[in-house]
Structures are given as C-alpha cells and as structure tokens.
Amino acid sequence: MPEIRVTPLGAGQDVGRSCILVSIAGKNVMLDCGMHMGFSDDRRFPDFSYITRSGRLTDFLDCVIISHFHLDHCGALPYFSEMVGYDGPIYMTQPTQAICPILLEDYRKIAVDKKGEANFFTSQMIKDCMKKVVAVHLHQTVQVDDELEIKAYYAGHVLGAAMFQIKVGSESVVYTGDYNMTPDRHLGAAWIDKCRPNLLITESTYATTIRDSKRCRERDFLKKVHETVERGGKVLIPVFALGRAQELCILLETFWERMDLKAPIYFSTGLTEKANHYYKLFIPWTNQKIRKTFVQRNMFEFKHVKAFDRAFADSPGPMVVFATPGMLHAGQSLQIFRKWAGNEKNMVIMPGYCVQGTVGHKILSGQRKLEMEGRQVLEVKMQVEYMSFSAHADAKGIMQLVGQAEPENVLLVHGEAKKMEFLKQKIEQEFRVSCYMPANGETVTLPTSPSIPVGISLGLLKRELAQGLLPDSKKPRLLHGTLIMKDSNFRLVSSEQALKELGLAEHQLRFTCRVHLHDTRKEQETAVRVYSHLKSVLKDHCVQHLPDGSVTVESILIQAAAHSEDPGTKVLLVSWTYQDEELGSYLTSLLKKGLPQAS
Amino acid sequence: MDPECSRLLPALCAVLADPGQPVADDTCLEKLLDWFTAVTEAGSSLLLLQENPCLVELLFHVLKSQDLSSRILSFSLRLAGIFAAQENCFQYLQQGELLPMLFGEVGPLGGAAWTAPAVRSGWIQGLRTLAQHPSALRFLAACGAVDTIFSLQGDPSLFVASAAGQLLVHILDLAMRGPAEGHRSPQACDWPACAQKIVGHIEDSLCSTAVPQVTQALSVLTTAFGHCHGLWTQGLWVRLSPLVARLLEKDPVPASHSLVDLLLSVARSAPSSYRGLWETLAQTLSHLSPTQAGPLALGILKLQDCPQALRTQAFGILLQPLACVLEAAAQAPGPPGLLEGAAGNSMTVDTLLSSKSACVGLLCCALAHLGLLQPLPQRPSPWPQAPLLGAAVTILRLCSGSAAPTSDVGSRLCAILVGCGRVQRAALDFLGALSQGTGPQELVTQVFSVLLEYLVSPESSSMSWMPVGHFQRLLPRKNEVRCSLSPCIPSPSYTPGRGRGQAGQLTPGPAAPLFPLQVLKKAFQATLRWLLSSPKTPGCCDLDPHTQLFLRELLPVLQKRLCSPCWEVRDSGLEFLTQMTRHWGGQAGFRQALLASEVPELTKQLLRDPESYVRASAVTATGQLSSWGLCATPAGHECPGAQQESLLVELLHILSTDSEGFPRRAVMQVFTEWLRDGHADVAEDAEQFVAGALQAASRDLDWEVRAQGLELALVFLEQLLGQRGSHCPYAVALPETAPPGVLAQALQVLCRVQLFEFAFRALFDCDRPVAQKSCDLLLFLRAKAAPCGSPQEAGDSPNVASVEATLQRWQAGEQGQPLGYLEPGAVVALLRSVDLEGLRDTLAESSDHVEKSPQSLLQDMLAAVGVLGENEADCY
C-alpha cells in the first residue's frame, strides 16, 4: 500500500527550528531547515542524526525546500549542507535566494561576535551553500527528477515566502511554510488553487486567534514614534537586517512625508542599500498597491531614511534609529540602547519576539534595572514598547486556506500543542477530513490509494457527446472503450482507433451450436419451416430468409443440413456474435423444443 | 549555588508548580536543567535538596497536580533524574517514595499525560541520568521499568524510541559493570537477572518475524558494541551471533541497514575477540544486494586489521558496479578490466539496469565509497588506479552523452545516465579524489579531456565559439554518439536529463533540471585537484608539457565562465583562478598562458560586478594576480608600476565605497597579504599604504573589516618591531623587547600612520572580536615598548591626561571626539595606564554572559510570569 510519511524534526507542536521530513512514494524531501534562536549550542539546529542514520544524506534526501528567509526556516541550512554534508539540490524562490544569505551572514556575525564561536559556519560556507540553491518561480512546475515535481504558490508572510506543492505521480503534499491570508502594506495575501492534495501541512501559529487588523498596529506604531520625536526624544527600533525593517521604513517614510517631519531616520546596519535593492528588484512579489505606485515612485527608495554613523548616537535632538540585532543581544543596537536607556523621553520599540537570554527579553518582561558587565546596573527609564508585526494567518485564515486547497488530510505544525488541538477539532468538524498534529520526532503515516489517470480520446468523447450526453463532473458515467497502456500512460480509445493504432485487423467471434430436428423433408423445406416459425414468434426482430437458404435473425445465422447418418433428422447450425448472445441462447432453446407441426 | 539564585528558587518553584502560570519560553526549562546538571556535577545533590527544600516540594506537587502541562511534567522527571544520579541523594528521595511515584506504575506512566511524547521522553531521560549506581539498578528492576522501556522501543516518536534503545544499553552496561566486573564470566548464563532479561528480549526480537522488532534489537546491539567495552560483550556475541547469522538465511535479509551497522560496530570494537565474526561478515557480503553491501564493504576496508580474503571480497563489491560500466562501455576487448573474471556479475548488472533510481543509487554509492577509501593508508593495495580512472572517465562520458558504447548493456546504461546530475557530481568528486594517484599519460590526457568537456559545456550548449583544441579533439564526435545510440534516443533534439522511466525507454517527459551549476562547480574542483597534483617535469620547475597544453585550452574556457550570466559560475571561476594562481603564479608556463589570455582583464572587470560575492572573489583573485605581477595588461606584458598603482587605488576605492561587507573584507585581506608578503608596490611606501587602509577600515560599519584592519596593523607592527612571541606553552619566555633605538623610530612611524587612534578606538568597539583583537595588539605593543622611557615622564604630560579623558569617554560609548596626534611618549604612558589585562579578561567572556547567567535566567523566568502571554508564539 503506498503511503505518505511525515516526521517533524522541528516545528512539531512548537515554534522555531522548522524542519519537516516528508516521504512520498519513495521520495524524501526536507521542508525547511531552520534554527532556534533561543539556544546557543547544538540544540539550536534540528537533530539531523535521525536522517544520517538512514545512510548517506545526499543519497537519502531527494531535495530540500525552503519556504522563506526567516532564520527559523533557513538558519540551519549552511550547517546542514556544508558541515553535516548534504550535497543535493535546495529549492527556494528567487527573493528568498537573494535575501537568505544576508540574514545568515547577519546571524553568523552575531553568533561569532557575541560568543566568539569558532566552530560556526563561515561566510564561505554560506556562499557555498547558496551555490547549491535552485531558484523557482511562482506557479512553475519544477521537475526535481523524473518522478518528483514541486510548484510554488504565493504565501504573503514576507517577501518571497512561498507555499510548495510536492507531487510524485498522483500523490501530493502541500506545505504552507508561514503565510498570511490578508494583504498588508507591502505584500499580498496567500493564494493556492484547488489542488486537492493528499495532505496539507499548514502552520498554526495563531491557531486560536482572530487577529485585529494590522493597520491598527501600524497606526499605533506611528503614533508612538511621532509622540516621542515631538517631545524631542529618540526612538530605537532593534531589527534584523532584513524584513520587518523595510516594512517599518515604508511606514515611517510615508508618514514623515505626509506630516512633513524633519527628525532624521537612520538605518544602522550598512545593509540598507542591498536590502532595498532586493525589495526594488522583487516588486512583482509585493502587493498591488506598491506595484501600481511603482510607476510613479519606488516605495523602497527612501528619502528620509539615511545611513547611520556611530557618532550620530550622541547627537542631541530627536531621531529614529533602526539598529541590528533585533533582540538587543549584542552589537550596535545594544550599544545605542545603553546610551539612551537612562532618558525617559526616549523610547525603544521591539517589533518582534525576543528569546530568553537577551536584553530585549528582559525589558519586555518589565525588568527595569539591568545588570551589565562589571556589576554595573543600567536603569531603564526610556519607554519600552512591544509591537507585533508578524504576518501569520489567524484561525480564520487557516480555515480559509484549507477550504481553498480542499486537502484529503491536514497536518498542523509551527504552533503550540494546546492551540493546535482546538484548531484540529475545528478542521475535522468543518471539513470532515483527518487532522494530525505530530510532536517533533513523531511520524504520521497516511495510506494513499493510488489513482491512475487515464486519458480519453477525443473521438470517443465526441461519440459520447453525439448521443446528447454532456459531461458532468458530479455524475459519473460508464464509458465503453479500449484501454491502451503505452509508455506508462493509460488511454481509453474507441475499439476502431485501438485497432488502427496497434495495426491489428478486426476478428469476429461467433458462438455456434447444433440443434437436431426430426424432419424428413429436404433441408430447404426445413429452413422455410424454421423461418416461418421464427417469424411468428419473434415479431419485434428482423427475421430474413436469404437466397442461399439460410435464415438470419439480427446477427444470428441458421442453416439447415442433412444428418450424415439419419436421413430423418436435420441438423440446424446456429451461430451468433457475442453481442447477440442472449438472443442466440434463446433461439437455440426455442429450436430445441422443435418446430410446430405443419397444418 | 549562588545565594541570589538560592533566594529566587522558591518563587520559581512556585511558578513552575502553578498550572495557571505557563512558562512562556520553552528554552528556559532546558536551560534550567543545564544549570542543575552543572550544579550537581560540581557539588552534592543531597546538600542542594536539603538547602533548597522547595525543589523536593516541587516534585511532590507535580505528582499531585492534575492539570500541569506535559512540559513541566517532563521537566520534573528529568530534574528528579539529575538529583538521583548521586546515590545518597537517590536514597534520600527514596525515603519519601518520590522516585516510584515519578517513575513507577502509579506515576505519569499510568496516566493520561503519558500520551504526550515529551512526558515519555522526560521519563526516559530521567531514568538515563538516574541509572548510575547499583541502587538505581535495583530500583529499575523493582518498579518494572525495563518492561516499559522494551515497549518504548517501538514508540511512535523517533526520539523516544531511540532514547529507549540507548537506555537499555546503558542499563545492560551498568548491570554488567558492577563490583564483579573483573570476574564476570563471558558466559551469559551467570549474568545478573536484569541483564538476562534484556538479552532475552533482544533474542526474542531477533527471532521475530516483524522487521521493526529485528531493527530495534540490531540497533540496541550496535550501540552496545559501539559503547561498551567490557569482557561481557564477548559473551553477548557468542550468545547472539547465531541468531544474527540466521537473519542472513532469510530472503530478503531483514533490516539489512541495521545489520550492517551492527556488524561494523562489532568489527570496529575488537574484532579478534569475537569468534566467527569474519565468517559472518563474509557471509553477509555475499547475501546482501550490491546496494546494501556497499556500506559494509567500505566499513570492512576501513578496518585496520582484517583477513586479506575478506578485504578482497569487500573491495570486489565496491569495484563491481564500475567494472560493469567499464565492460559495458568497452568497444573492443581492451586492457584487463577492474575485476578479472567478475566484471559481469549478473546481480550488479541487474541492479544497474533494473531502474534509473537503482542504477543511479548504486553508482553514486560506489563512487562515493571508493572516493572515501582512496586517501586512506589502509586502502587496498595494489590500488587499481588506471582502471578506476578509466571507469570515472567512462561514467562521465556516459552522462554527457559523448560515450559510444556498442553493447546492449552499454546503450541501456547510456540511456539511463545521460544528463544525470547526481552521477555526474559523484563521478567528478571521485575523479578529483583520484588526482592523488598517478596514472598512465594516456589516461591522464583523457581525464583532462573529459574535465574540459564538462567545463566547456555542462549544458551541452554550443562549443562553436571556440577553436577545437587538442583535448577537445580527443572527445568522441557528438553525431557519432547519436548514431550509435539511435535505438535509445528518440530524436536529435533530445535533451540530456529529460529521460524518464526504465532503461532504454526514454520518452520526452517534463524538463528535469540538469543541475548544471553544481556539476560545473564540481568540475572546477576536480580540475583544480588534478592541476595542483600534476607532476613537474624532472629537473625543471615548470609544468609538464601536457599540463601546459591543457592550460592553454582551459583558459579560454575559464574566460567564458567569467562572463556567465550566473553569479555562481563567475564566482566559482574566480575562486578557481585564485587557487591556480596561488599555486603556480611563479611558473613561467602558467604566466605565459595566463597573460596571453583575457582572464586577467576580465577578472579586473569583475571588480565592478553587480553581485557582491563575485566582487569579493574578484578582489581576492586580482590581489593574488597582482602579487605575482600578473594583473591585466592589454599588450600581454607583465604589469608595470603605474598599472599596479591604479589597482591599489581601485581597491582602496572599493574599501571606502562598496555598499557590501564581502568586497571590503576581501580588500582588507588582500592588503594584509600584500603587506605580509612584501608586495613591491606596497613596500615602496608602506607607511602611506597602512595609513590609508587603516583610515578606511576605521570608518567601516562592518566589524569584520575593522577586525581585519587590526590584523593588518599587527602585520605592520611585527615588521617594525619583530615577531610576536611563540605561543608554545613550553617555550622559554625570554623578554622580547625591541632595542630602544628601533622602538623609538617605530613608535614615530606608528603615530604617523595613526595606528594608535585606530587601535584605541577598536579597543572600545561595541563588537567584541574587534575589541579583543585590539587588546591583543596593544598588549603586544606594550611588551615590546617596555624599556622605552619611564612612566612618570610621559604620564605627567598634559597631552596624556587629555587623551586618557577621551579614552574614558570612548569607553563610555562616546566615540565622536578624535584622539588627535599622539607623541610616542604619550603612547607608551597610555599603554601602561590602561588596564589591558583586565579588559582582556572581560572580553574573553561572551558579550551576553550576564544575560546568560543562572541568576539572570531565574530573574527572567520570574519576570515573564503573566507578561509575555500573547507574545509567546509570535516568533518571527
């Protein structure tokens, strides 16, 4: 029995370190290869030893697919390909391919900077890893090999985020990665066609939440920044090099323009140009509004946002600074935070979640006296704000996607067990499909019934249509034809076409039977008697007496002959085709009863 | 335990025990366990529990509570295991009957919580940590844990199942170690009951008809033989090897992969101690299919001491697929094949021809295994270098469609392999590995020819733009191949990689990608390995004529690759050029060929490539070319100084203006190398060069550029003042101060190039590696400057006081104000006044060590209660 097997190595009933193994019709695919920001030892990466156990990695895995550039989906990739030793293809969309190395480099620098970690992947490894990437376009079917094909769909979440359909023969799995079903300021909504996969693997971050509009959060953000700047304070926004930073830059840029604000906005990473370059390059991936306005003005060409210099942090007066890293755990953002923390006029806005072990986590949990190096205590007087800008589908969005794709089964990942449990029940009730939520390391096995597609010839279809019966997908119909199997393809054609294609001559199969009649008359006379008898009995059928003396009823042929040994007996030879088998049998039994006596 | 932590612990335990206060960050519990492990490893667990009764209270509370999360339950099981690992603490916990309640039938084991894999995993991990002493062993037996572990071997969670297997081995080892270890008979009959039970279970599993059970037993044994080294393992082998051998009688052999792992694990531990092992290995080799036997064969050949007959058999298995390919592709009976008399092994041929995936799988494994074997000292001898080279070349030609096999098998192989990227990559890797050996010239020529074929055109694109050279003439002509393959290839427009289905049944399917970039990259790597290992002509330092000839054909190909629209290709081309130049920059033949080509000019043009990776590689390549005087000149002459200067200016321009870090880092690396190697044009005015480079680096936002700037500064210092001291801990540490005259002069120079401004600024850099590097540099300088002047004279000058004040502001994070010009005397005084050792110690710690401390962890967990709630899953 063919089956689909799914084993999450990460993202099974948790968030972070997404890595899901899917086995479909003998093909093995790894979906995402993420890391966990909360650990700084081996636990930050998925435990790949469970794959290497199956033999050589590159032989076992047919491909790796990366859904988007967030580190919890791609952060372990250079480790996996350059240190663990995977040497096969890696698929991702073009924007992901372009942006992924920037974030990986950012992550590497922080890891090395913060800890001086020596045994970490290097810049060269990131580059070598990226050279194994094959970029895919949306809606383009890519043949990984002769049997395995993948197709990307727009996922919204971040620039270049995609959902992937993985197909082997007639079996298919859709993996959503992270997605957003409502358009936001610079991205559109996720979309997938009614592909009816055997399994839909969907994220479930907001499995139980109905989120308010992101616009409210954006308004709130602008209000807070504006108020702080107005009262002469400085605003620090710790970000990762790419992604949310650009999103917020657009917000501020437009707001600054509208309100004619003069306070400078700085971007500290030195990556602005490249990041913005990519956002410009991938305009087709953004939402309709940005695409439209692109003709007049490129949203990513910022007039107000300028490159930061370290000396600016000490300048008097209001300003807004975007600085890396995003969790205030090292480098530039932490340095600026230390300088500005003591002034209550200033504000720090954390636009994303912070893991334990970072200053970001501390201030978000309300700690205001922070121990710094050398037993120094930093008193945080500046305002601390948390604003979630993450773009995940909420419960409504997830249900909407399930409805769109019409899967046979659903599997939840990237969420918390309790929330998943709730959503699972909802999906099972509403869609009447099985829903699974394996923990990391647990394997879900789904038996699949192999469906064999058969093509129908145009001729045969036309013949059916000629009978006045239009095809209707809801009413299955019986169709007669000849099934031809050729080159692993199945086709149903008319028997004439089959004969023609195969170069065969038509043969006719006839059943014959002998019936003995006691009749002393000549054969011709016996035939005439048979004709008269049948004519009288079979009123609805065409009974003929042919010049050669034989009698026909439809395709049935009856000939009378003399018995070789008994002159008083005549032999009736009855033959018929298989189409008239019923009539043939009836006639035979009729004749066996004898002919009526001549009057 | 830190008193502050001790103070926070009761509150934390209360939070953990409260179901209404979920722990927001799941990493916290892991980190908490790490901390408790460290604390108990450093001291008495019993004392810890006595001093912090809240911990035991927490464990009791967890048992009573009905609605605790599975995470907390799992955490508690693991925590109890950590405490109970010490025997006296174990007894202490036993007094309260806590352990049976946690790990016995009455605990979570029998409850609804057991359905959560995290709880089962916590239960196993808890027991694994706890099982360290005889009391633990008795406890395990008494609470029936072993039976539960047996059942957990088949757990739906991979993690739980795997941990269960490992725990069984751990218990077995613990039971067998004990006080009687030295006297323990290898005879299994008088083993402890617990061990008997486990071994009995393994026996039953090995006899089972269910493959998963056999697999479980085999993996337990693999771990046992891999990790346990007591005498008892011999007894275990004696008892179980007949059952293992019996598996070979089944067709197909069940759990073959696990069986191979087990046999190799036994063979690696102490093979001579295990009776009948070699026979079992030989038997297994002959029973397994060629694909299954490959890893076993490789494992056997890697063993240090192993009977020759077995090695021969194993080597035969690895060679078999290549022998088949060679035989199938041979146009006429040629020289002796790889395996005399065994080339036509029907099983291997059947596998190769059965399906595309089987063929590709078998060939890739064989190539990878042989490639791994090649560099090992224990590789088989004689090593059939020539036939292996022939096989690699043949496979590559079959894949590219340029081979012309006439046999039926050959044609079918060709149809399967043509355009197959996976085999191409494996074969190129293997060919690269074979570069370490020698081969007959004719074959080496073929190697170069096939490499050139791959470098020219992995996509089979047009070759018409290039004149046909010597090596390309060696290639079979394409149309000949097409004719001979006409039964397999449906049309002349057939594209490699489009084949699908069974051998010889190619149909035009949807486009399968060739994956050419990876193939091209491998081709570059293999070519480089061959070039770098090619022999030098005896008595002459130049290249041998064949290599010379090859180079002449290779460079136009490289030229083409440097113009590729794919950045990956341009980059691989540049990396290749850099390596080649580094190795051969001084050889006349190479220089001549390179200068006659347009490669140097193209490389220079790539300094302005749109892709930053490529710009960085171009910087490195140009730097390397320039070091050998090989930079671009239109007339083909080696570059004069003016050109060189312009390169320096161009690199400085990149350093100051490039928006990306990679090219800027590459420039600093090139500059450091130039300075270190005494590059002629740098040496002309080293001071100005260093000043310019440091000035540009100091402004850089990328800390790696600044760190590289310090590297350059250090090289400069060493050139002025002599090398840094040996880092050998056993070397006699003599004072290595510089003579006063040299020092004074050097300090003048360093002040002029503003090295101190750069180094002191870096000392207070917000990026730790920069500060660390600077600290090391200043410490080195201080050691060298020891005899220069007395601290008082310089320290009293007003200049020093103001500089010290500026430095303090810098340390506080205000780096706006410049340091200004420093006198050498002031520098020496500053070096003495700054607490460099103290800074070095601080910098040696991770920059987030305060946030990562246990105290900080406890504070965070307490502070997060009820605050993070909704942010919890809002990860990215």
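Residues numbered from 1 in each chain as written. Chains lettered and ligands numbered in written order. Predicted model: local features only at pLDDT ≥ 70, side-chain atom pairs only at ≥ 80, totals over all residues. Heavy atoms only, no water.

**Section: the overall build of chain A**
Item 1. Within chain A one finds 18 helices and 30 strands.
Item 2. Its C-alpha radius of gyration of 38 Å places chain A more than 25% over the 25 Å reference for a compact globule of 599 residues.
Item 3. Across its three principal axes, chain A shows a C-alpha extent of roughly 135 × 55 × 40 Å.
Item 4. Per-residue burial for chain A yields a buried fraction of 58% across its 599 residues.
Item 5. Long-range contacts, defined here as pairs at least 24 residues apart, represent 70% of the contacts in chain A between residues at least 6 apart.
Item 6. Approximately 25,500 Å² of chain A is accessible, and the part contributed by carbon and sulfur atoms is 51%.
Item 7. The positive charge centre, built from 72 side chains, and the negative charge centre, built from 68, are 6 Å apart in chain A. (Helix = DSSP H or I, 4+ residues; strand = E, 2+ residues; numbered from the N terminus. Rg over C-alpha atoms; globule rule 2.2 N^0.38 Å. Buried < 20%, exposed > 50% of the residue type's maximum accessible area, 1.4 Å probe, protein only. Contact = heavy atoms within 4.5 Å. Areas by Shrake-Rupley, 256 points an atom, 1.4 Å probe, with all protein chains shown as cover. Lys, Arg positive; Asp, Glu negative; His and termini not counted. Charge placed at Lys NZ, Arg CZ, Asp CG, Glu CD.)

**What about unusual backbone geometry?**
Item 1. The omega angle of the peptide bond from Thr324(A) to Pro325(A) is -5°, so this bond is cis rather than trans.
Item 2. Summarising the element assignment, Pro325(A) is placed in the loop between β15 (319-323) and α11 (331-340).
Item 3. A cis amide bond, omega 0°, links Ser381(B) with the succeeding residue Pro382(B).
Item 4. You will see that Asp32(A), though not glycine, has its phi angle at about 70°, which is positive.
Item 5. By secondary structure assignment, the location of Asp32(A) is in the loop between β3 (27-31) and α1 (49-52).

**A few points about the domain arrangement of chain A**
Item 1. Looking at the assigned domains, one finds that chain A contains domain 1 (3-210 + 391-442), domain 2 (214-386), domain 3 (452-467 + 478-507) and domain 4 (510-593).
Item 2. The gap between the C-alpha centroids of domain 2 of chain A and domain 4 of chain A is 101 Å. (Domains from an automatic or database assignment.)

**What to know about the sheet that holds β3(A)**
All names here are of chain A.
Item 1. In space, the seven strands of this open sheet follow the order β6-β5-β4-β3-β2-β1-β22, with mixed pairing throughout. Among the strands making up the open sheet, the edge pair consists of β6 (133-136) and β22 (444-447). For this sheet, the mean angle separating the axes of adjacent strands, direction not counted, is 25°.
Item 2. With respect to the sheet, helix α4 (residues 77-84) is in contact with β3, β4 (63-65) and β5 (90-93), its orientation differing from that of β5 by roughly 155°. (Pairing = 2+ DSSP bridges. Axes fitted to C-alpha atoms, helices over the stretch in contact; angles between N-to-C directions.)

**Describing the interface of chain B and chain A**
Item 1. Counting residues at the interface gives 89 residues for chain B, matched by 91 residues for chain A.
Item 2. Summed over both sides, the interface of chain B with chain A buries roughly 7,700 Å², with 48% coming from carbon and sulfur.
Item 3. At the boundary of chain B and chain A, one finds 15 salt bridges.
Item 4. In this assembly, chain B and chain A are joined by 27 residue pairs in polar contact (both at pLDDT 80 or more).
Item 5. Classifying every residue of the side of chain B that touches chain A by side-chain character gives 30 nonpolar, 25 polar and 34 charged. (Buried area = accessible area lost by both parts, 1.4 Å probe. Salt bridge = Lys/Arg side-chain N within 4 Å of Asp/Glu carboxyl O. Polar contact = N/O pair within 3.5 Å; in protein donor to acceptor, adjacent residues only side chain to side chain. Nonpolar A, V, L, I, M, F, W, Y, C, P; charged D, E, K, R; others polar.)

**Description of the pattern of salt bridges**
Item 1. Counting across every chain of the model gives 59 salt bridges over all chains.
Item 2. Two residues, Glu147(A) and Lys27(A), come together in a salt bridge whose shortest N-O distance is 3.3 Å. Of this pair, Glu147(A) sits in the loop between β7 (141-143) and β8 (148-154) while Lys27(A) sits in strand β3, and the two are 120 residues apart along the sequence.
Item 3. We classify Lys27(A) as buried; its relative accessible area is 9%.
Item 4. Here Asp147(B) ties to Lys197(B) by a salt bridge, and the two come within 2.9 Å at their closest N and O atoms. With a gap of 50 residues between them, Asp147(B) in helix α10 (residues 145-152) and Lys197(B) in helix α12 (residues 193-207) connect regions that are remote in the sequence.

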